[in-house]
Amino acid sequence: MSKRVVVDPITRIEGHLRVEVEVDENNVITKAWSGSTLWRGIETILKGRSPMDAGLLVQRICGVCTYSHYRASIEAVEDALDLKIPENAKLLRSLMQSSLYMHDHVVHFYHLHALDWVDIVSALSADPAKAAQVAMKYSATPIAAGEGELRAVQERVQGLVNTGKLGPFANAYWGNGTYKFTPEQNLIAVSHYLKALEVQRKAAEMLAIFGGKQPHPQSLVVGGVSCVRDMLSPARLQEWKQKHAEVNDFINRAYLPDVLMAAEAYKEEPSVLGGVGVKNFLAAEDFYLGNGEYLFQQGVIMNGDLGDVQDVDLTLIEEDVTHSWYQDGAARHPYDGVTEPNYTGLIERDTVYGKLPTFDNDGKYSWVKSPRYAGEPIEVGPLSSLLVAYARGNEQVVGAVNGLLEATGLPVEALFTTLGRTASRLVQTMLVAENSLKTFDALVSNILVDESTYIEPVIDPNKEYKGVGVIEAPRGLLSHWIRIKGGKIENYQAVVPTTWNSGPVDANGKVGPFEQSLVGMKLEDPTKPLEIIRVIHSFDPCMACAVHVMDYKGQDLGQFQVAPNAC
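Now for a quick tour of the structure.

### Some details on the packing of helix H6 (residues 128-135) against helix H8 (residues 183-211)
Then comes step 1: The N-to-C vectors of H6 and H8 enclose an angle of 75 degrees; their axes lie 9 Å apart at closest approach. By the angle between their axes, H6 is roughly perpendicular relative to H8. Contact with H6, carried on its side by Pro 128, Lys 130, Ala 131, Val 134 and Ala 135, involves Glu 184, Gln 185, Leu 187 and Ile 188 of H8 and no other residues of that element.
Then comes step 2: Considered class by class, the residues forming the contact of H6 with H8 number 6 nonpolar, 1 polar and 2 charged.

Printed below as a string of structure tokens:
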């Protein structure tokens, strides 16, 4: 007899995500449902406003990847107006994007995903002296891993335990049998978790040097950038480079060794050797290095065939709402997208925790739409970006991926796993960190002969425009689509990475990456589904922001109406 498992909310993500699964008598997942329980109405708020304001407003879609939405929106307007921005503006935007990646991926691995791999309680029984020796196995010069440092970390965590207030370490599944680190390995990882809290601040400061602040930077404008004085200041340029060196040092002496350690410990754990149920991958061209060169290429891979990479055709993107809480209709291209809410509620049924409101299996169950490419579900993210570049023969990507596979002793097939998805984020971080110095050097060289950063945009109120901004955000391909009429925004749609990954089943019964990644996985204990959380976290979910919330009975908890001409 099947049993229902409800994980709500999925914590250590941005936003509100609920996952439900059915397991058979052997605790193997046979069906899965993923849904966001909070609606964001940013697209609706934008209608009737000036296109010049869109970038600043859409940052509020997310409190984590604010720069990504900011840039994609600005570039959608520039595409609509056919603006070619100055070289310096392209290079500065790329440096800010690199800074975001170095911050975002470190935070994800340590503060959002690490506790799926690291048993904090086990670390308390570790031998700090032995742990210091273990750390040397994965790095010749490990950071924050000396015997004294590790002992201090252990005492710090024990102090938290003694107070009974565990903070970020509370409400976890400590002792779960799918944790595979030794006590000493757990202690090393905990030390790096704490050290990463310091490092991520430096990475945030990197973006703020050119962005004005982080989160919600302010220096991008339609037509270029406004951070001219920072660009022309040798002190500010050197400050960025110094902070870059500090963050990059942590990436190489902590992040890389910890992924190598995880690959060794988990290479035979079944729950991390699956997790890629949809083998279609989509990626954007991004990370401008200068002189027309980009670090990552665009492309589409279908059915996991690395021998056949196709160019992206944006006309093949549609969004299905059959099982989403929106008014029904045929799948639409984003230019013609409609966002009209239609909340239908949840259904109470028996679960492993007793009776609970649950998703309507056959009806609508999520505020997330279901994007499709040529009618097929697609995974986006670091794994997709690397697979596309790897399949295209990108020398840097091929070298980095093969190097990691050789260091771990894993085959290429291991990329198509939860472990591979997590490792891909590290490889992408290292490539971005290394190549951002090329972008920096290109900027320094270019400003010696050209200080321009802006070209003035012109909108003819008697014309209609449409444009799209497509970038590779930390969580994958992000696209913003805009229609302009009478000098105002007529329609706006954002197709975000987690929409691609977490969307519900579509009208044709095709299941998306989140849901398909869970089917077939065995849970050690359905009441403590660590395996589900680990797989879902490997995508780095970033659910959308909202304007109103409903409880499961359909009652409004709060509503906010924003007039187009407000502010």
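### Examining the packing of aromatic side chains
Then comes step 1: The tally for this structure, following the rule as stated, stands at 20 aromatic pairs.
Then comes step 2: Each member of the aromatic cluster is reached from another via a ring pair, and the members are Phe 109, Tyr 110, Phe 250 and Tyr 255.
Then comes step 3: Its guanidinium or amino end placed over the ring of Tyr 288, Lys 90 lies 4.2 Å from that ring's centre, counting from NZ or CZ.
Then comes step 4: A cation over a ring is seen here: Lys 369 above Tyr 326, with NZ or CZ 5.5 Å from the ring centre.

### Re the sheet that holds strand E15 (residues 464-473)
Then comes step 1: Within the open sheet, the 3 strands sit side by side as E15-E16-E17. Their pairing is antiparallel. Each end of this open sheet is capped by a strand with a single partner; those strands are E15 and strand E17 (488-495). Taken over all neighbouring pairs, the strand axes of this sheet differ in orientation by 15 degrees on average, direction set aside.
Then comes step 2: Two strands pair when backbone bridges link them, and strand E16 (residues 476-485) and E17 are joined in this way by 7 bridges, in the antiparallel orientation. Along E17, the bridge assignment pairs Trp 481 with Gln 493.

### Quick word on the pattern of salt bridges
Then comes step 1: Under the counting rule described, the total for this entry stands at 30 salt bridges.
Then comes step 2: Note that Arg 93 and Glu 78 form a salt bridge whose closest N and O atoms lie 2.7 Å from each other. With Arg 93 in helix H4 (residues 87-113) and Glu 78 in helix H3 (residues 66-81), this residue pair connects regions lying 15 residues apart in the sequence. Both residues of the pair, Arg 93 and Glu 78, count as buried.
Then comes step 3: Its salt-bridge partner being Asp 506, residue Arg 372 comes within 2.7 Å of it at the nearest N-O pair. Within this pair, whereas Arg 372 is found in strand E14 (residues 370-373), its partner Asp 506 is found in the loop between helix H14 (497-502) and helix H15 (513-518), the two being separated by 134 residues in sequence. Taken individually, Arg 372 and Asp 506 each receive the classification buried, so the pair is uniform in this respect.
Then comes step 4: One continuous salt-bridge network, built from bridges that share partners, spans Arg 4, Asp 8, Arg 18, Glu 20 and Glu 22.

Rules and cut-offs
- Numbers given to residues run from 1 along each chain, matching the order in which its sequence is written.
- For this predicted model, a pLDDT threshold of at least 70 governs which residues receive local features, and a threshold of 80 or more governs which side-chain atom pairs are given and counted, while totals over whole chains, interfaces and linings are taken from all residues.
- Working from all heavy atoms in the structure, the side-chain values ignore hydrogens and water.
- Note on geometry: axes are C-alpha line fits, over the in-contact stretch for helices, and angles between N-to-C directions span 0 to 180 degrees.
- Numbering goes from the N terminus for both helices and strands, where a helix is a DSSP run of H or I of at least four residues and a strand is a run of E of at least two.
- Note on terminology: angles under 35 degrees are roughly parallel, angles over 145 are roughly antiparallel, angles of 65 to 115 are roughly perpendicular, and the others are oblique.
- Contacts are assigned to residue pairs that have any heavy atoms within 4.5 Å of one another.
- We call Asp, Glu, Lys and Arg charged. Ala, Val, Leu, Ile, Met, Phe, Trp, Tyr, Cys and Pro are nonpolar, and the rest, Gly among them, are polar.
- Pairs were defined over the aromatic rings of Phe, Tyr and Trp, the Trp ring being its six-membered one, requiring ring centres within 6.5 Å. Orientation was assigned from the angle between planes: stacked under 30 degrees, edge-to-face over 60, tilted for the rest.
- Consider the ring centre and the ring normal. A charge sits over the ring if Lys NZ or Arg CZ is within 6 Å of that centre and within 35 degrees of that normal.
- If DSSP finds at least two bridges between two strands, the strands pair.
- Whenever Lys or Arg places a side-chain nitrogen within 4 Å of a carboxyl oxygen from Asp or Glu, that contact is recorded as a salt bridge.
- Only protein chains enter the accessibility calculation, which uses a 1.4 Å probe. A residue is then buried if its area is under 20% of the maximum for its type, exposed if over 50%, and partly exposed in between.

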